[in-house]
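Structure assessment
Listed below are the residues making up each chain.
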Amino acid sequence: MENRFYLPHPLLQDSIHCIMPVHAIFDTPDPATPCFYPPTPQNSLFLYLRDPISAQIDPSRDFIPQPRAVIVGPQTKPVYLQLHREHLAIRIGFHPSGLYHLLGMPLHELVDKSFDATEFFGRPLTQLVNQLQHCNGFDEMVRLVELFLLDQRICQKAMLPFDQAMQVMLQTGGNCSIDQIASLACLSNRQFERVCKERIGLSPKYFARLIRFSRAYRMHEEQPEATWTTIAHHVGYFDQMHLIRDFREFTYKSPRGIEKEINQAPLKMQRDLRL
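Residues numbered from 1 in each chain as written. Predicted model: local features only at pLDDT ≥ 70, side-chain atom pairs only at ≥ 80, totals over all residues. Heavy atoms only, no water.

**A word on the overall build of the chain**
Stated precisely, the cut-off is as follows: In DSSP terms, a helix is any run of H or I states spanning at least four residues, a strand is any run of E spanning at least two, and both are numbered starting from the N terminus. In this setup the radius of gyration rests on C-alpha atoms only. A globule is expected at 2.2 Å times the number of residues raised to 0.38. Partly exposed describes any residue whose relative accessible area lies between the buried limit of under 20% and the exposed limit of over 50%, with all areas from a 1.4 Å probe on protein chains only and scaled to the type maximum. Two residue types count as positive, namely Lys and Arg, and two as negative, namely Asp and Glu; His and chain ends fall outside the count. Taken as the charge location is NZ of Lys, CZ of Arg, CG of Asp or CD of Glu.
Assigned secondary structure in the chain consists of 11 helices and 10 strands. Relative to the globule expectation of 19 Å for 275 residues, the C-alpha radius of gyration of the chain, 18 Å, shows essentially globular dimensions. C-alpha extents for the chain along the principal axes are approximately 50 × 45 × 35 Å. Buried positions account for 51% of the 275 residues belonging to the chain. If the 29 positive side-chain charges of the chain are averaged to one point and the 29 negative ones to another, these points end up 4 Å apart.

**Comments concerning the side chain of Glu221**
For the record, the criterion: As used in this structure description, the phrase polar contact means that two N or O atoms lie within 3.5 Å; if the pair is within protein, one of them must be able to donate a hydrogen and the other to accept it, and residues adjacent in sequence are counted only when both atoms belong to side chains. Contacts between residues were defined by any pair of non-hydrogen atoms, one from each residue, lying within 4.5 Å.
Within the secondary structure, Glu221 sits in helix H8 (residues 204-222). A polar contact of 3.0 Å, which involves the side chain of Glu221, links it to the side chain of Tyr217. One polar contact links the side chain of Glu221 to the main-chain amide nitrogen of Gln270, over a distance of 3.1 Å. When residues no more than four places from it in sequence are discounted, the contact partners of Glu221 are Ile262, Lys268, Met269, Gln270 and Arg271.

**So, the layout of surface pockets**
Defined as follows: Buriedness for pockets is judged along seven lines, at least five of which must meet protein on both sides within 12 Å for an open set on the 1 Å grid over protein atoms alone, while cavities are sets there where a 1.4 Å probe fits but cannot get out, and lining residues have an atom within 4 Å of a point. Grid points are joined across faces, edges and corners, and a volume is the space filled by probe spheres set on the points. Three categories are distinguished: nonpolar for Ala, Val, Leu, Ile, Met, Phe, Trp, Tyr, Cys and Pro, charged for Asp, Glu, Lys and Arg, and polar for the others, with Gly belonging to the last.
Of the pockets and cavities examined, the largest pocket occupies roughly 470 Å³. Taken together, 26 residues line the largest pocket, and the ones lying closest to its centre are Ala55, Ile57, Gln66, Val79 and Ser114. Mapped onto the lining of the largest pocket, the elements with two or more residues apiece are strand E4 (44-48), strand E5 (54-56), strand E6 (64-65), strand E7 (69-72), strand E8 (79-82) and strand E10 (114-116). If you tally residues by element for the lining of the largest pocket, the top one is E4, at three residues. Here the lining of the largest pocket is composed, by residue class, of 13 nonpolar, seven polar and six charged.

**Some thoughts on the packing of aromatic side chains**
Under the convention used in this document: We call Phe, Tyr and Trp rings a pair once their centres come within 6.5 Å, taking the six-membered ring for Trp, and we label the pair stacked below 30 degrees between planes, edge-to-face above 60, and tilted otherwise. The rule is short: NZ of Lys or CZ of Arg within 6 Å of the ring centre and within 35 degrees of the ring normal puts a charge over the ring.
This structure, assessed with the given rule, holds 10 aromatic pairs. Consider the rings of Phe120 and Phe121, whose centres lie 4.9 Å apart with planes at 75 degrees: the pair is edge-to-face. Seen from the ring of Tyr237, Arg212 lies directly overhead, with NZ or CZ sitting 5.4 Å from the centre.

**Re the pattern of salt bridges**
Charged atoms that come close allow side chains of opposite charge to pair. Applied cut-off: When a carboxyl oxygen of Asp or Glu is within 4 Å of a side-chain nitrogen of Lys or Arg, the pair counts as a salt bridge.
Using the criterion set out here, one finds nine salt bridges in the structure. Here Asp139 makes a salt bridge to Arg4, at a shortest N to O gap of 3.3 Å. Taken together, the residues Asp139 in helix H4 (residues 138-152) and Arg4 in the loop between strand E1 (2-3) and strand E2 (16-25) connect sequence positions 135 residues apart. Classification of Asp139 as exposed rests on a relative accessible area of 51%. You can call Arg4 partly exposed: its relative accessible area is 34%. Measuring nitrogen to oxygen at the nearest pair gives 3.4 Å for the salt bridge that ties Glu259 to Arg256. With Glu259 and Arg256 both in helix H11 (residues 255-264) and three residues apart, the pair spans about one turn of that helix. Three or more residues are tied together by salt bridges with common partners; here these are Glu2, Arg4 and Asp139.

**Structural notes on empty space enclosed by the protein**
Applying the stated criterion across every chain yields a total of three cavities of 30 Å³ or more. Of the volumes computed, that of the largest cavity is approximately 290 Å³. Surrounding the largest cavity, 20 residues form its lining, Val22, Phe46, His87, Arg91 and Met269 being those nearest its centre. Secondary-structure elements contributing two or more residues to the lining of the largest cavity are E2, E4 and strand E9 (86-94). Per-element accounting of the lining of the largest cavity gives the leading share, four residues, to E9. Residues that form the lining of the largest cavity fall into these classes: 14 nonpolar, two polar and four charged. Forming the boundary of the second largest cavity are Thr40, Pro41, Asn43, Pro74, Gln75, Pro96, Ile200, Leu202 and Phe207. Looking at side-chain class alone, the lining of the second largest cavity contains six nonpolar, three polar and no charged residues.

Function cannot be read off these values alone, since they describe shape.
Here it is in structure tokens:
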């Protein structure tokens, strides 16, 4: 597998955290074993450029084929992703309220939802996907993505102290008081709760839990030899029981149970994820 992390153009960095192309070819039966993808605190725009991809949110239902361009809103539930032999994709990762800036719509309406991004961006995004399928290398792909995103900046909402405060919450791994973050946002706790649900889609406390869980999950993908006790203390859990509670909340499994999912997957989907 080849992937690369790109910082976006300086004019995009207030809303967009990174642009990450990934390319993988599987030496397994087609389709490959589904990959487990738990919630993360980072909303994304995914562009799929080679073989199709399907997603399953409800284990009792079939996999649903995904469009070439998919906006994924705030996640609270895990999904399974069905990949085929050649996986070439670009993930545009947003800062905590970056997707709100781009779309200009309340994020609580998008919780655990995804939709065809061409329905929002129209023909320019369709043209971008077509161009990306004929690019020679990651650098050319990212340049085209940046040009597209720069054209969309005219629709963005104004930045507020709230947006910088949520960056602090993310950078501290969710291990900061809500009172402190509300103060940095120049809002009362009640106002902060309302704005958070509008721009993030989730309550502040729930978002902090999601940040901490995501750090723990990604640390296990990166360092499978680390014990869960070590991981719990490293990411700021009071004890291992709190870690287990969040794993059951966000993956429906215990930390031990999730190890089997990770070991069976042909691709560790979040090992190189940067937030």
